[in-house]
Amino acid sequence: MTTHTDPPEDPRAGADDEERLPCGRLLSGVWADWERQADDPHLASCPHCRRATGELDLLESAVRGLREETPDASAYDPEPLTGRVMELVRLELRPGRPLPLGEPAEDLWIMETVAARALRSAAETVDGVRAGSCRVTAAATSDGGALSVRLDIHAPVSAALPEIAERVRRRVLEAADDRLGMDIASVDIRITDLVASPADGREGSTS
């Protein structure tokens with residue numbers, strides 16, 4: 001049976017397909033050290049690490065600035081929002097891995113970050129749904145090019161959760177097939193939060 005050739009190499013990818021800075025450190029590790037305020041001389045002196053964390057300093061300042069602009073600032077906790085923003089920043093900046101497209105003989109590839117962005121966008125066509133982390137990996141039970149998707153979402157607080165999850169799953173599968181040409185074996189939907197729907201009090205979801 002014809003199979004895909006090896007995916008094109010990404011010079012930015014390091015261990016676990018994560019971006020490695022010119023100094024040799026993984027970007028994810030530098031960010032983790034920054035978040036826990038690690039006492040690391042390298043982190044303080046390395047221009048590459050300082051550049052990576054300097055952008056995060058600006059981002060955190062902007063997010064925390066929302067607290068000062070909130071009428072009831074004493075009741076506003078910026079930590080959950082900061083965490084969500086940081087998670088999406090990691091998703092967008094992580095280079096990801098090449099994933100197979102189309103038939104094996106076609107030898108077509110798409111970067112995981114690009115595919116994940118399209119699938120999150122498809123999930124958010126379901127009213128009231130906000131998409132979060134999206135991981136696309138080789139299906140464990142597949143002997144071909146099939147992939148599996150794990151997608152975190154925030155769902156409307158008043159919705160029937162199994163119904164919402166199934167609608168999101170259908171939209172993701174449709175987008176993977178119609179827009180990307182990806183062979184998806186499974187879509188795992190994880191509801192990580194419940195949020196107020198903009199259409200609260202009326203039926204807004206579509207099938």
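Here we summarise the structure given alongside this text. The residue count restarts for each chain, going from 1 along the sequence in the order it is written. Residues qualify for local features only when their pLDDT is at least 70, as the model is predicted, and side-chain atom pairs are given and counted only at 80 or more; totals for whole chains, interfaces and linings, by contrast, use all residues. Excluding hydrogens and water, the side-chain figures rest on all heavy atoms present in the structure.

### Description of the nonpolar core
Logical step 1: Counting 30 residues, the largest nonpolar core has Leu119, Val136, Val149, Leu151, Val168, Val172 and Met182 as the members making the most contacts within it.
Logical step 2: Secondary structure follows DSSP: runs of H or I at least 4 residues long count as helices, runs of E at least 2 residues long count as strands, and numbering of each begins at the N terminus. Those elements that provide at least two residues to this core are strand 1 (98-101), helix 5 (112-123), strand 3 (130-138), strand 4 (147-156), helix 6 (161-180) and strand 5 (184-195).
Logical step 3: It is helix 6 that contributes the most residues to this core, seven residues altogether.
Logical step 4: In this description, contact between two residues means that some pair of their heavy atoms is separated by no more than 4.5 Å. If near-sequence neighbours (up to four positions away) are discounted, Val136 is found in contact with Arg97, Leu99, Glu112, Leu119, Leu147, Ser148, Val149 and Met182. We define a nonpolar core as any set of buried Ala, Val, Leu, Ile, Met, Phe, Trp, Tyr and Cys residues linked to one another through side-chain atoms lying within 4.5 Å. Three labels apply to residues, based on accessible area from a 1.4 Å probe with only protein chains included: buried if under 20% of the type maximum, exposed if over 50%, partly exposed otherwise in between.

### Points about the pairing of strand 5
Logical step 1: One requirement defines pairing of two strands: DSSP has to find at least two bridges between them. Relative to strand 5, strand 4 runs parallel, the two being bridged by 10 bridges. Within strand 5, the position partnered with Val149 by the bridge is Val187.
Logical step 2: When the strands point away from the viewer, a crossover counts as right-handed if the path from the first strand over the helix to the second runs clockwise. The β-α-β motif built from strand 4, the intervening helix 6 and the parallel element strand 5 has right-handed crossover chirality.

### What to know about the sheet that holds strand 4
Logical step 1: One open sheet accounts for three strands, arranged 3-4-5; its pairing is mixed. Taken across any chain shown, the strands that pair with only one partner, and hence form the sheet edges, are strand 3 and strand 5. When the angles between neighbouring strand axes are averaged without regard to direction, this sheet yields 15°.
Logical step 2: The pairing of strand 3 with strand 4 spans seven bridges and is classified as antiparallel. Within strand 4, the position partnered with Ala138 by the bridge is Leu147.
Logical step 3: Of the strands in this sheet, strand 3 and strand 4 are in contact with helix 5, which crosses strand 3 at around 135°.
Logical step 4: Lines fitted to C-alpha atoms define the axes here, with helix axes fitted over just the stretch in contact, and angles between the N-to-C directions of these axes take values from 0 to 180 degrees. Sheet strands in contact with helix 6 are strand 4 and strand 5, and its direction is about 135° off that of strand 5.

### What to know about the environment of Ala155
Logical step 1: Within the secondary structure layout, Ala155 lies in strand 4.
Logical step 2: It is 8.1 Å that separates the C-alpha atoms of Ala155 and Thr192, two residues lying 37 residues apart in sequence.
Logical step 3: Setting aside residues no more than four positions away along its own chain, Ala155 makes contact with Gly128, Leu161, Ile164, Ile191, Asp193, Leu194 and Val195.

### A closer look at the environment of Arg150
Logical step 1: Structurally, Arg150 can be placed in strand 4.
Logical step 2: What makes Arg150 partly exposed here is its relative accessible area of 34%.
Logical step 3: A sequence separation of 37 residues divides Arg150 from Val187, and the C-alpha atoms of the two residues are 5.9 Å apart.
Logical step 4: Beyond its immediate stretch of four places on either side in the chain, Arg150 contacts Ser133, Cys134, Arg135, Asp188 and Arg190.

### Some points on the pattern of salt bridges
Logical step 1: When a carboxyl oxygen of Asp or Glu lies within 4 Å of a side-chain nitrogen of Lys or Arg, that pair is called a salt bridge. Applying the stated criterion across every chain yields a total of five salt bridges.
Logical step 2: Between Glu166 and Arg169 there is a salt bridge, with its nearest N and O atoms 2.8 Å apart. Of this pair, Glu166 and Arg169 both sit in helix 6, three residues apart, which is roughly one turn of the helix.
Logical step 3: A relative accessible area of 33% places Glu166 in the partly exposed class.

### What to know about a negative patch on the surface
Logical step 1: The patches described consist of residues with a relative accessible area above 30% and no salt bridge, like charges being joined within 9 Å and nonpolar side chains (Val, Leu, Ile, Met, Phe, Trp, Tyr) within 5 Å. Per-residue and other accessible areas follow the Shrake-Rupley method at a 1.4 Å probe size, with only the shown protein chains counted as cover for residues. His is not counted, nor are the chain ends; Lys and Arg add positive charge and Asp and Glu add negative charge. Charge coordinates come from a single atom per side chain, which is NZ of Lys, CZ of Arg, CG of Asp or CD of Glu. On the surface, Glu174, Asp177, Asp178 and Asp183 cluster together to form a negatively charged patch.
Logical step 2: Structurally, Asp178 can be placed in helix 6.
Logical step 3: When its relative accessible area of 63% is taken as the criterion, Asp178 is described as exposed.

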